[in-house]
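Survey of secondary and tertiary structure
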Amino acid sequence: MEPACWAGRAPRIRRVAASPPRLAAGTTGRVVGPLGVTIPFRVTAVDEARRSWSWRVSVGPLTVALDHGVQDRPGGSRTWLRIDAPLPVAVGYLSVAQLGL
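As the structure is a prediction and not an experimental result, all values here were calculated from the model.

**A word on the overall build of the chain**
Along the chain, the regular secondary structure elements total 1 helix and 6 strands. Relative to a compact globule of 101 residues, whose C-alpha radius of gyration would be 13 Å, the chain shows 13 Å and is just as compact. Overall size of the chain, expressed as C-alpha extent along the three principal axes, is 40 × 30 × 20 Å. Each of the 101 residues in the chain was classed as buried or not, and the buried ones make up 27%. Element-wise, carbon and sulfur atoms account for 56% of the exposed surface of the chain, whose accessible area totals about 6,500 Å². Within the chain, one finds 13 positive and 6 negative side-chain charges whose respective centroids are separated by 7 Å.

**Quick look at the side chain of Ser52**
By secondary structure assignment, the location of Ser52 is in strand 4 (residues 52–59). Assessed through its relative accessible area of 17%, Ser52 is described here as buried. Excluding its chain neighbours within four sequence positions, the residues that come into contact with Ser52 are Met1, Val46, Asp47, His68, Gly69 and Trp80.

**Describing the sheet that holds strand 5 (residues 62–73)**
What the 6 strands build is an open sheet, ordered 1-2-3-4-5-6; its pairing is antiparallel. Of all strands in the sheet, those bounded by a partner on one side alone are strand 1 (15–19) and strand 6 (76–84). Averaged over neighbouring strand pairs, the angle between their axes works out to 25 degrees when direction is ignored. Relative to strand 4, strand 3 (residues 38–47) runs antiparallel, the two being bridged by 6 bridges. From the neighbouring strand, Asp47 faces strand 4, where its bridge partner is Ser52.

Conventions used here
Residues numbered from 1 in each chain as written. Predicted model: local features only at pLDDT ≥ 70, side-chain atom pairs only at ≥ 80, totals over all residues. Heavy atoms only, no water. Helix = DSSP H or I, 4+ residues; strand = E, 2+ residues; numbered from the N terminus. Rg over C-alpha atoms; globule rule 2.2 N^0.38 Å. Buried < 20%, exposed > 50% of the residue type's maximum accessible area, 1.4 Å probe, protein only. Areas by Shrake-Rupley, 256 points an atom, 1.4 Å probe, with all protein chains shown as cover. Lys, Arg positive; Asp, Glu negative; His and termini not counted. Charge placed at Lys NZ, Arg CZ, Asp CG, Glu CD. Contact = heavy atoms within 4.5 Å. Pairing = 2+ DSSP bridges. Axes fitted to C-alpha atoms, helices over the stretch in contact; angles between N-to-C directions.

So this is what it looks like as structure tokens:
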């Protein structure tokens, strides 16, 4: 729930600038990826009790919607991700997302 921590969990993220520092619907910011590529985002929903949140990233005319969540499981936890994007983008993101998940 703290964007500043994302870089420690996702190998493709170098740093995140967000306001406010804790996720809430309406939070905006920028994710900095490899080679300094910067992508703006907006958080669209947060449910801390269910440990889930949704956000949208935009690059030019392309917008990608992502839903994330964590569920408790015996002996640990399970994470999930849903992505709404054009097929080539979704397929390309799959291997990158698996590293983070």
